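# Structural description and commentary
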Amino acid sequence: CGASVARRDVETHRAECPHRVVTCAACSESMKARRIAAHLAHHCLETEIACPAGCGARMLRKLVGKGYVYSGNPPSDLTLHYAECPKILLDCPYLHAGCYSFVARDQMA
């Protein structure tokens, strides 16, 4: 990394250096240690995230998004979850009468 470190501190620096290469425990991708937190929080496809609709259910990030669900892949956990998710927005039951609002499944009577 180019840091000047006293000989007695080399091993400690190697273990803590933000430029050392680490492997993500979830997806096995290699990256610099300084990137691992952002990778897990925003990018790792093997990390669990909360349901995008807000019901609190947990699922793998790779299963979230239209690219996966609608690209000819078999039904995913997300597709099955959305079929029952209480917070998913649905067309108003009065769409046929001209209402174009969306209503959460758990708010429908």
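Before reading further, recall that the structure is shown in the block above.
Residues numbered from 1 in each chain as written. Predicted model: local features only at pLDDT ≥ 70, side-chain atom pairs only at ≥ 80, totals over all residues. Heavy atoms only, no water.

## Things to note about the overall build of the protein
- The helix and strand tally for the protein stands at four helices and six strands.
- Ordered by position from the N terminus, the helices and strands of the protein form the series α-β-β-α-β-β-α-α-β-β.
- Taking all 109 residues of the protein together, 19% fall into the buried category.
- In the protein, of all internal contacts separated by at least 6 residues, the share reaching a separation of at least 24 is 11%.
- A total accessible area of about 7,900 Å² is found for the protein, and carbon and sulfur atoms account for 54% of it. (Helix = DSSP H or I, 4+ residues; strand = E, 2+ residues; numbered from the N terminus. Buried < 20%, exposed > 50% of the residue type's maximum accessible area, 1.4 Å probe, protein only. Contact = heavy atoms within 4.5 Å. Areas by Shrake-Rupley, 256 points an atom, 1.4 Å probe, with all protein chains shown as cover.)

## Structural notes on the nonpolar core
- Of all hydrophobic cores here, the largest spans five residues; its members are Val-22, Cys-24, Met-31, Ala-33 and Cys-44.
- Look past the residues within four positions of Ala-33 in its chain and what remains in contact with it is Cys-17, Pro-18, Arg-20 and Val-22. (Core = buried A, V, L, I, M, F, W, Y, C linked by side-chain atoms within 4.5 Å.)

## A few points about unusual backbone geometry
- A positive phi angle is found at Ser-28, which is not glycine, with a value near 70°.
- Structurally, Ser-28 is set in the loop between strand S1 (21-23) and strand S2 (30-32).
- According to the relative accessible area criterion, Ser-28 is exposed, its value standing at 54%.

## Concerning the side chain of Thr-47
- Mapped onto the elements of the fold, Thr-47 is located in the loop between helix H2 (36-43) and strand S3 (48-50).
- For Thr-47, a relative accessible area of 16% puts it in the buried group.
- Those residues in contact with Thr-47 that lie beyond four places of it in its chain are Ala-26, Leu-40, Met-59, Leu-60 and Arg-61.

## Here's the deal with the pattern of salt bridges
- Applying the stated criterion across every chain, the model contains four salt bridges.
- Between Arg-58 and Glu-48 there is a salt bridge, with its nearest N and O atoms 3.8 Å apart. With Arg-58 in strand S4 (residues 58-60) and Glu-48 in strand S3, this residue pair connects regions lying 10 residues apart in the sequence.
- On the accessibility criterion, Glu-48 (45% relative accessible area) is partly exposed. (Salt bridge = Lys/Arg side-chain N within 4 Å of Asp/Glu carboxyl O.)

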